[in-house]
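The primary structure of each chain is shown beneath.
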Amino acid sequence: MKKLVIVFISLIFISNSTSIFAKIKLPSIIASNMVLQRNTSIKIWGWAKSGEKISIKTSWITNEIKLTTPENGKWEVLLKTTLSKDVQTIQFNSLESNIKLENILFGEVWVCSGQSNMRMPLRGFTGQPTFEGNSAIANSRNNNIRLFSITENGSPTPLDTVVNYKKWNVASPENTKDFSAVGYFYAQKLQEILDVPVGIVMTSWGGTRIQPWISKDAVTPFLDINKVKKDTTEKYKRIPSAIFNAMINPITSYTIKGVIWYQGETNRDEPKLYQQLLPEMVKDWRKQWNIGEFPFYYVQIAPNKYIDKANSQYLREAQLKALDIIPNSGMAVLSDIGSEQTIHPPHKKEVAERLLFLALNKTYGFKEVDCIGPIYKSMEAKEGALFLNFNFAETGIYSPEMEVSNFEIAGADKVFHPAKAVIINRKQVKVFCPEVIEPVAVRYGWNNWFVGTLFDNNMLPVSSFRTDNWE
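Residues numbered from 1 in each chain as written. Predicted model: local features only at pLDDT ≥ 70, side-chain atom pairs only at ≥ 80, totals over all residues. Heavy atoms only, no water.

Colleague: In this structure, what is going on with the pattern of salt bridges? I would like to understand it.
Modeller: Once the charged atoms of two side chains with opposite charge are near each other, the side chains can pair. Using the criterion set out here, one finds 19 salt bridges in the structure. Residue Glu102 pairs with Lys100 through a salt bridge whose shortest N-O separation is 4.0 Å. Salt-bridge contacts for Lys272 lead to Glu471; the nearest nitrogen and oxygen are separated by 3.6 Å. With Lys272 in helix H8 (residues 271-289) and Glu471 in the segment after strand E23 (465-466), this residue pair connects regions lying 199 residues apart in the sequence. The exposed category is assigned to Lys272, whose relative accessible area is 62%. Owing to a relative accessible area of 83%, Glu471 belongs among the exposed residues under this scheme. Because the salt bridges share partners, they merge into one network encompassing Glu317, Arg443, Arg466 and Asp468. (Salt bridge = Lys/Arg side-chain N within 4 Å of Asp/Glu carboxyl O. Helix = DSSP H or I, 4+ residues; strand = E, 2+ residues; numbered from the N terminus. Buried < 20%, exposed > 50% of the residue type's maximum accessible area, 1.4 Å probe, protein only.)

Colleague: What exactly am I supposed to notice about the packing of helix H5 (residues 181-194) against helix H10 (residues 348-362) here?
Modeller: When two helices pack together, their arrangement is given by the angle between their axes and by how far apart the axes lie. It is at 8 Å that the axes of H5 and H10 come closest, and there the two elements cross at 45 degrees. Overall, the two elements H5 and H10 adopt an arrangement that is oblique. Pair H5 / H10 crosses with right-handed handedness. On H10, the residues touching Ala181, Val182, Phe185, Tyr186, Lys189, Leu190 and Ile193 of H5 are Lys348, Lys349, Val351, Ala352, Leu355, Leu356, Ala359 and Leu360. Looking at side-chain class alone, the contact of H5 with H10 contains twelve nonpolar, no polar and three charged residues. (Axes fitted to C-alpha atoms, helices over the stretch in contact; angles between N-to-C directions. Parallel < 35°, antiparallel > 145°, perpendicular 65-115°, else oblique. Left-handed = near helix turned anticlockwise from the far one by under 90°. Contact = heavy atoms within 4.5 Å. Nonpolar A, V, L, I, M, F, W, Y, C, P; charged D, E, K, R; others polar.)

Colleague: Hey, could you run me through the environment of Pro129 in this one?
Modeller: By the element assignment, Pro129 lies in the loop between helix H2 (116-119) and helix H3 (133-138). For Pro129, a relative accessible area of 44% translates into the label partly exposed. Residues Pro129 and Lys74 lie 55 residues apart in sequence; the distance between their C-alpha atoms is 45 Å. Excluding its chain neighbours within four sequence positions, the residues that come into contact with Pro129 are Met120, Gly124 and Pro346.

Colleague: What should I look at first to understand the nonpolar core in this one?
Modeller: The nonpolar side chains of a soluble globular protein tend to be buried, and buried together. Among the nonpolar cores identified, the biggest contains 70 residues, and Trp75, Ile90, Trp261, Leu278 and Trp285 are the most heavily contacted of them. Considering each element in turn, this core owes the most residues, eight residues, to H8. In this view, Leu278 contacts Ile210, Trp261, Phe296, Tyr298, Ala322 and Ile326; residues no more than four positions away in its chain are not counted. Ranked by size, the runner-up nonpolar core spans 39 residues in total, among them Ala181, Leu358, Ala359 and Tyr364. (Core = buried A, V, L, I, M, F, W, Y, C linked by side-chain atoms within 4.5 Å.)

Colleague: How should unusual backbone geometry be read in this particular structure?
Modeller: A negative phi holds for most residues other than glycine; trans holds for most peptide bonds. The phi angle at Asp195 is positive, at roughly 60 degrees, despite the residue not being glycine. Take Asp195: it is sitting in the loop between H5 and strand E10 (198-204). Residue class for Asp195 comes out partly exposed when judged on its relative accessible area of 46%. The residue Glu383 is not glycine, and still its phi comes out positive at about 55 degrees. Its location among the elements puts Glu383 in the loop between strand E14 (375-382) and strand E15 (385-391).

Colleague: What's the story with the packing of aromatic side chains in this structure? I'm lost.
Modeller: The geometry of two aromatic rings is summed up by the distance between their centres and the angle between their planes. Applying the stated criterion across every chain, the model contains 22 aromatic pairs. Arranged with centres 5.7 Å apart and planes meeting at 90 degrees, the rings of Trp261 and Trp285 form a pair that is edge-to-face. Placement of the pair is Trp261 in strand E11 (residues 258-262) and Trp285 in helix H8, with a sequence separation of 24 residues. No difference in accessibility class separates Trp261 from Trp285, as the two residues are buried. Among the aromatic side chains, those forming a connected cluster through ring pairs are Trp213, Trp261, Trp285, Trp289, Phe294, Phe296 and Tyr298. (Phe/Tyr/Trp six-rings, centres within 6.5 Å; stacked < 30°, edge-to-face > 60°.)

Colleague: I would appreciate a short explanation of the side chain of Ser155 in the present structure.
Modeller: Secondary-structure assignment places Ser155 in the loop between strand E8 (142-150) and strand E9 (165-171). Residue classification places Ser155 among the buried residues on the basis of a relative accessible area of 7%. Residues within four places of Ser155 in sequence aside, it is in contact with Tyr236, Ala242, Asn245 and Ala246.

Colleague: Any chance you could explain the packing of H8 against helix H9 (residues 312-322) here in plain terms?
Modeller: Contact geometry for H8 and H9: axes closest at 9 Å, N-to-C directions at 30 degrees. Taken together, the axis directions place H8 and H9 in an arrangement best described as roughly parallel. The chirality of how H8 crosses H9 is right-handed. Contacts between H8 and H9 involve Pro271, Tyr274, Gln275, Leu278 and Pro279 from the former and Tyr314, Leu315, Ala318, Gln319, Lys321 and Ala322 from the latter. For the contact of H8 with H9, the class distribution of residues is eight nonpolar, two polar and one charged.

This is how it looks when you write it as structure tokens:
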């Protein structure tokens, strides 16, 4: 009798499993209200039972597309989008399915990812405001901005569709208040300047290291996966590759323009490893998306008075050095807008603008828009002082202070002393200290917490830096 019950249950399971894909199933990110990357080839994909005949009709392509689902149950098709600003539709039909996706737009699609500073919404966190967030929420109703939000999740293996998410929505106060402030401010300005629709896919998780955001194949050479504690609390939050599996892998077939990334605070105790992993993650994501070296613009972590006294300046240095390794990249410096009291600085609009300047200049051809602040280039010793030269200082160096603060100087003994610094001819910085007669090294902003006081003419700040490589 028990055997008959088992057989009966098995037959029910087999029957149900074969009908799972009898109807067309679409991934979560392919839905009404979405933005498809304009004027390019995009992939539309889904699942159905093997041999299922599917027809696809779009509002912008004259001919009907017909296909047959292969044995593995997954089908896909490439479609060419246009520059049209008209509202579009896609119709899917099969023997058992009739699906119509509506209110679709062609535009610019960006992924915003990272940890809590990217996740931080327009309404802020409890007791931690987002400056100008309330005004942005009130004015956020815009049919040309669409938002898709992936909720925190992890998986031991790669998923083929997003499980936890908030569907594509037209921007409005109801759904922007809890959306990424950096992502929204970025989309709002980009949409206004380009005058085209913008879609933002937000996939971020607070308190995460970079290791879980990288695929297993890419992260394994840098870590002994077998020694990582298999703690599945918080949905695999701390397990290498687990967040990639659930929050990145399912969207890598969705054509995008680029990525903005804000993460690093949780890796502040391992700067050397981070300097390796950030370029590796970008390389990995580009390989997974398979659409070339798409733009990757990231945020350097802001100064903060960390309670654990970590030397976060070394992590900022690792991020600065990664610029020379990652092709088609850029970094937004926040040395002037950190917060001493919170790891979540409230100036998210300024963060988004600095990322936007990078995109406008490097991706969209607005070469008149300055996007990179001065970066230390070289120094020369003379007259008991060190004279610093900078790249990307075509319009000069500026400080609101007569003597620029946050500089230190050292001689051959490697002992640093607070230094005086003045701008010479609006292009060089002279650094000196009476206690250091023969200086050999300079550091600027070389602390967890400082307020940046050195800029270019467009108020893009200089990153913390050092001229030495001493341990």
